[in-house]
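Listed here are the chains, written in short residue letters.
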Amino acid sequence: MTEKSHQYTRAKAIVQQIEQLAAITEQSGCVTRRYGSPAFVEGAHLVAQWMQEAGLQTRIDAIGNVRGRLVSLNPHAKTLVMASHIDTVVNAGKYDGPLGLLMGIDVAKQIGQSTILLPFHIEIIAFADEEGVRFHTTFLGSQVVTGAFNPQLLAKQDADGITLQQAMSVFGGTAADLPNEAIPANDWLGYFEMHIEQGPVLDNRNLPVAWVSDIAGQKRILVHLTGFAGHAGTVPMSMRQDALCAAAEMVVAIEKFALQQPNLVATVGTLQIPQSASNVIPGNVHFSIDLRSNEPDLLANAYQQLQQLCTHIAQSRNIACNWQLVQHTAPVAAHAPFTQLLQQAIAQAGFPDVSLVSGAGHDAVPVSQVAPIAMLFIRCYKGISHHPAESCNENDIAAALQVADNFLHLLIQQHT
Ligand code: GLV
Ligand code: MN
Ligand code: MN
């Protein structure tokens with residue numbers, strides 16, 4: 001078998017696994033696997049079985065990360081982590097997370113079956129919660145592995161009032177076990193994550209892969225507007241304090257603002273009108289803002305300007321505006337020397353040297369605090385993601401496997 005057809009066979013097997021994992025879902029007819037749900041636990045056990053079959057020493061840790069190790073005989077060995085996540089958004093695609101994880105397992109399996117003497121350990125991790133859908137906090141699994149987990153998060157409740165501490169008990173561990181799950185800062189060799197691009201650039205440029213230069217920072221904000229509810233038939237238009245009209249003006253102003261900034265995106269993704277009725281003037285409205293940029297100053301200035309904009313709109317309509325920052329993640333740059341090795345691996349595979357900024361968040365963000373990070377993006381169909389139509393072509397997966405094999409061999413050479 002030629003090297004190319006070997007990679008294509010591996011890519012086909014990975015797509016079969018992706019289909020198997022996607023069939024494990026909270027709701028039939030769509031892919032939803034939120035952290036700690038029965039579907040998540042079943043999916044985690046299937047991934048653990050695949051890791052074992054690939055020859056990795058496998059376990060599920062206290063927060064629910066699935067972890068498989070290929071152990072080096074070198075007594076001074078550090079650990080290279082290759083990882084991605086297996087939780088999903090609601091009505092998700094099949095590839096966001098699982099593709100990078102399953103490719104990592106496959107790449108480690110090839111090394112394990114070869115005669116290569118590993119100078120470092122390889123740990124493959126299926127992170128438990130990257131999307132942050134259930135508890136509105138992202139990166140729970142990777143924060144545990146880096147040792148940055150804040151125990152105050154354990155009291156967070158999901159929509160049914162179940163705390164994170166209760167939810168994590170399905171994995172058999174306790175909160176006291178969490179600090180022991182961290183890889184000590186001195187033991188990290190580096191972190192490599194493969195992921196679908198989730199945007200249209202590679203598709204437009206007809207390229208299978210690119211390396212990631214930066215990951216955008218993000219702020220999540222909750223805005224609570226309080227006006228005055230009233231009778232839809234009797235209160236004259238000029239005498240209303242309609243919280244929804246204020247929200248509508250803010251939503252459009254936020255879009256207009258972001259359209260004028262070349263390197264910023266802003267999204268109002270949720271909006272609720274509690275106790276709404278068609279004949280009641282909305283007195284209360286809540287909405288979320290997701291604000292992202294890879295430029296820290298731009299992100300900070302945009303945050304302030306949007307807060308002023310919303311405050312001004314609220315004042316002009318006699319509406320109270322409560323503005324609450326619920327998450328801040330700073331922009332992160334990939335580690336230059338580590339990423340240069342990835343660029344070399346891409347060149348060896350015969351692909352052009354193209355970099356992308358990731359607008360999506362990744363577990364590489366918290367890991368960048370303790371280890372050099374590198375990320376490889378793989379083209380996805382029309383750039384569609386967080387959508388059931390998310391898809392990835394087997395030839396592109398095969399191309400990415402070639403790059404990942406090259407990267408690992410270069411890293412092994414460097415440390416041998
Ligand atoms: C996760 O996919 C995010 O970027 O919000
Ligand atoms: Mn993802
Ligand atoms: Mn995602």
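Residues numbered from 1 in each chain as written. Chains lettered and ligands numbered in written order. Predicted model: local features only at pLDDT ≥ 70, side-chain atom pairs only at ≥ 80, totals over all residues. Heavy atoms only, no water.

### Topic: the pattern of salt bridges
And then number 1: Across all of its chains, the model carries 15 salt bridges by this definition.
And then number 2: Between Asp 61 and Arg 67 there is a salt bridge whose closest N-O contact spans 2.9 Å.
And then number 3: A residue is classified by how much of its surface remains accessible, and Asp 61, at 1% relative accessible area, is buried.
And then number 4: Arg 67 sits in the buried class, given a relative accessible area of 5%.
And then number 5: For Asp 290, the salt bridge goes to Arg 220, with nearest N and O atoms at 3.9 Å. Here Asp 290 is found in strand E12 (residues 284-293), whereas its partner Arg 220 is found in strand E7 (residues 217-226), with 70 residues between them in sequence.
And then number 6: Salt bridges here are not isolated pairs; linked through shared partners, they connect Arg 59, Asp 61, Arg 67, Arg 69, Glu 123 and Glu 181. (Salt bridge = Lys/Arg side-chain N within 4 Å of Asp/Glu carboxyl O. Buried < 20%, exposed > 50% of the residue type's maximum accessible area, 1.4 Å probe, protein only. Helix = DSSP H or I, 4+ residues; strand = E, 2+ residues; numbered from the N terminus.)

### A word on the environment of His 387
And then number 1: Within the secondary structure, His 387 is located in the loop between strand E16 (373-378) and helix H11 (394-415).
And then number 2: A residue is classified by how much of its surface remains accessible, and His 387, at 40% relative accessible area, is partly exposed.
And then number 3: As a C-alpha pair, His 387 and Lys 94 span 293 residues in sequence and 8.8 Å in three-dimensional space.
And then number 4: Discounting chain neighbours no more than four positions away, the residues touching His 387 are Asn 91, Ala 92 and Gly 93. (Contact = heavy atoms within 4.5 Å.)

### Notes on the coordination of the manganese ion (ligand 3)
Note on metal geometry: ideal angles are 109.5 degrees for four donors arranged tetrahedrally and 90 or 180 degrees for six donors arranged octahedrally.
And then number 1: The manganese ion (ligand 3) binds to the protein through Asp 96 (OD), Glu 131 (OE), Glu 131 (OE) and His 386 (NE2), with metal-donor distances spanning 2.0 to 2.7 Å.
And then number 2: Site description for the manganese ion (ligand 3): donor spacing in sequence, D-x34-E-x254-H.
And then number 3: Distance-wise, the manganese ion (ligand 2) is placed 3.7 Å from the manganese ion (ligand 3), both being coordinated by Asp 96. In this pair, Asp 96 sits in the loop between strand E3 (79-85) and helix H3 (98-113) while Glu 131 sits in the loop between strand E4 (121-127) and helix H4 (140-146), placing the two residues 35 residues apart along the sequence. (Donors = N, O, S within 2.8 Å, 3.2 Å for Na, K, Ca; no water.)

### Observations concerning the state of the cysteines
And then number 1: Applying the stated rule across the entire model yields 0 disulfides.
And then number 2: Of the cysteine sulfurs around Cys 310, a residue in no disulfide, the closest is that of Cys 321, at 5.9 Å.
And then number 3: Owing to a relative accessible area of 28%, Cys 321 belongs among the partly exposed residues under this scheme. (Disulfide = S-S within 2.5 Å.)

### A short note on the site of ligand 1
And then number 1: Every residue close to ligand 1 is listed here: Glu 130, Glu 131, Arg 220, Arg 292, Ala 360, Gly 361 and His 386.
And then number 2: A distance of 3.0 Å separates an oxygen atom of ligand 1 from a polar side-chain atom of Glu 131.
And then number 3: At 2.8 Å, a side-chain N or O of Arg 292 approaches an oxygen atom of ligand 1.
And then number 4: Contact with the protein chains hides 90% of the accessible area of ligand 1, taken as 200 Å² for the molecule alone.
And then number 5: Classifying every residue of the shell around ligand 1 gives 1 nonpolar, 2 polar and 4 charged. (Near = heavy atom within 4 Å. Polar contact = N/O pair within 3.5 Å; in protein donor to acceptor, adjacent residues only side chain to side chain. Areas by Shrake-Rupley, 256 points an atom, 1.4 Å probe, with all protein chains shown as cover. Nonpolar A, V, L, I, M, F, W, Y, C, P; charged D, E, K, R; others polar.)

### Details of the side chain of Asp 87
And then number 1: Here Asp 87 lies in the loop between E3 and H3.
And then number 2: One buried charged side chain, Asp 87, makes no salt bridge at all; its nearest oppositely charged neighbour is Arg 33, positioned 7.7 Å away.
And then number 3: Reaching out from Asp 87, the side chain makes a polar contact with the backbone nitrogen of Glu 131 at a distance of 2.9 Å.
And then number 4: In this structure, Asp 87 is in contact with Arg 33, Tyr 35, Phe 40, Phe 127, Ala 128, Asp 129, Glu 130, Glu 131 and Gly 132, ignoring residues within four places of it in sequence. (Lys, Arg positive; Asp, Glu negative; His and termini not counted.)

### A short note on the domain arrangement of the protein
And then number 1: Looking at the protein, the domain boundaries give domain 1 (3-216 + 331-415) and domain 2 (217-329).
And then number 2: Between domain 1 and domain 2, the contact holds 12 residues from the first and 10 residues from the second.
And then number 3: For the pairing of domain 1 and domain 2, the buried interface totals around 790 Å² over both sides, and the portion due to carbon and sulfur atoms is 54%.
And then number 4: Inspection of the region where domain 1 meets domain 2 yields 0 salt bridges.
And then number 5: Put simply, domain 1 and domain 2 have 2 residue pairs in polar contact (both at pLDDT 80 or more) between them. (Domains from an automatic or database assignment. Buried area = accessible area lost by both parts, 1.4 Å probe.)

### What to know about the coordination of the manganese ion (ligand 2)
And then number 1: Around the manganese ion (ligand 2), the protein contributes the donor atoms His 85 (NE2), Asp 96 (OD) and His 195 (NE2), which lie 2.0 to 2.3 Å from the metal centre.
And then number 2: Coordination of the manganese ion (ligand 2) draws on donor residues from a single chain, spaced H-x10-D-x98-H in sequence.

### Structural notes on the nonpolar core
And then number 1: Counting 78 residues, the largest nonpolar core has Val 47 and Leu 99 as its most contacted members.
And then number 2: The element that contributes the greatest number of residues to this core is H11, accounting for 11 residues.
And then number 3: Contact partners of Leu 99, with chain neighbours within four places excluded, come to Ile 14, Ile 18, Ile 196, Ile 378, Cys 392 and Ile 397.
And then number 4: With 26 residues, the next largest nonpolar core counts Val 223, Val 285, Leu 299 and Leu 306 among its residues. (Core = buried A, V, L, I, M, F, W, Y, C linked by side-chain atoms within 4.5 Å.)

### Considering unusual backbone geometry
And then number 1: A positive phi angle, close to 55°, is found at Asn 91, a residue other than glycine.
And then number 2: By secondary structure assignment, the location of Asn 91 is in the loop between E3 and H3.
And then number 3: Even without being glycine, Gln 198 reaches a positive phi, approximately 65°.
And then number 4: Along the polypeptide, Gln 198 turns up in the loop between strand E5 (188-196) and helix H6 (201-205).

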